[in-house]
Amino acid sequence: MLRKVLYPGSFDPPTLGHLDIIERASRLGERLVVGIGINSEKSGWFSVEERLEMLRACTAHLPNVEIAAFEGLLIHFAQQKGCSVMVRGMRAVTDFDYEFRIAMANRTLAPEIETVFLLARDEYSFLASSIVREVARLGGDVTAFVPPAVAESIARRTV
Ligand code: ADP
């Protein structure tokens, strides 16, 4: 059976922590779908199109990875894409409560879809998109936090 894995998130912007999870998750199945969740109530820092482009650029070396955006319920998107496993990253115990509640709700809604947690690498365990946005807004160097394609997009938008 072809196993398809879904890694959902906001990716606003994608960080080296996200890319590490993408690379590791791409080895868990034949295909990995990275799903950008569109929140219609909140406009992001980067547009969904820009996030799609950045993620495509920094995953170009991974032939079994596809980038897509979705609106609505996560499990509906997983079912539509034929994904039987969802991957989430876990940085520290502070992520646990939020991730636990989402995973339990999703399990109630779609028991056939398994949520799997990958532990963040030590060096990225503090790293979040919100930190990258804050550093960039204040004129700091983000190259230690994001893939080169993302650093270029950030440099373009802050000049
Ligand atoms: P969301 O808004 O859905 O939490 P994010 O883009 O912030 O979306 O994160 C997507 C997933 O990636 C979440 O499971 C989050 O815990 C995980 N993640 C975020 N940053 C890192 C990181 N530095 N290392 C590992 N996992 C991470």
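Structure first, text after, so check above.
These remarks concern the structure in this document.

### Considerations on the packing of aromatic side chains
A complete count under the given rule lists five aromatic pairs for this structure. Between Phe 126 and Phe 145 the ring centres are 6.0 Å apart and the planes differ by 70°, which places this aromatic pair in the edge-to-face class. Remark: Phe 145 occurs in the loop between helix H5 (129-137) and helix H6 (148-158) and Phe 126 occurs in the loop between strand E5 (114-119) and H5; sequence separation between them is 19 residues. Residue class for Phe 145 comes out buried when judged on its relative accessible area of 17%. Just above the ring of Trp 45 sits the side chain of Arg 157; from NZ or CZ to the centre is 4.5 Å.

### As for the pairing of strand E1 (residues 4-9)
Most of E1 is tucked away: six of the six residues are buried. With burial as the criterion, each face of E1 is covered, one bearing Lys 4, Leu 6 and Pro 8 and the other bearing Val 5, Tyr 7 and Gly 9. Here E1 pairs with strand E2 (residues 31-37) via six bridges, running parallel. Note that in E2 the partner of Pro 8 across the bridge is Gly 35. Bridging between E1 and strand E4 (residues 85-90) involves two bridges; their strand directions are parallel. Within the sheet, the bridge partner assigned to Val 5 lies in E4 and is Val 85.

What counts, and where the lines are drawn
Residues numbered from 1 in each chain as written. Predicted model: local features only at pLDDT ≥ 70, side-chain atom pairs only at ≥ 80, totals over all residues. Heavy atoms only, no water. Phe/Tyr/Trp six-rings, centres within 6.5 Å; stacked < 30°, edge-to-face > 60°. Helix = DSSP H or I, 4+ residues; strand = E, 2+ residues; numbered from the N terminus. Buried < 20%, exposed > 50% of the residue type's maximum accessible area, 1.4 Å probe, protein only. Lys NZ or Arg CZ within 6 Å of the ring centre and 35° of its normal. Pairing = 2+ DSSP bridges.

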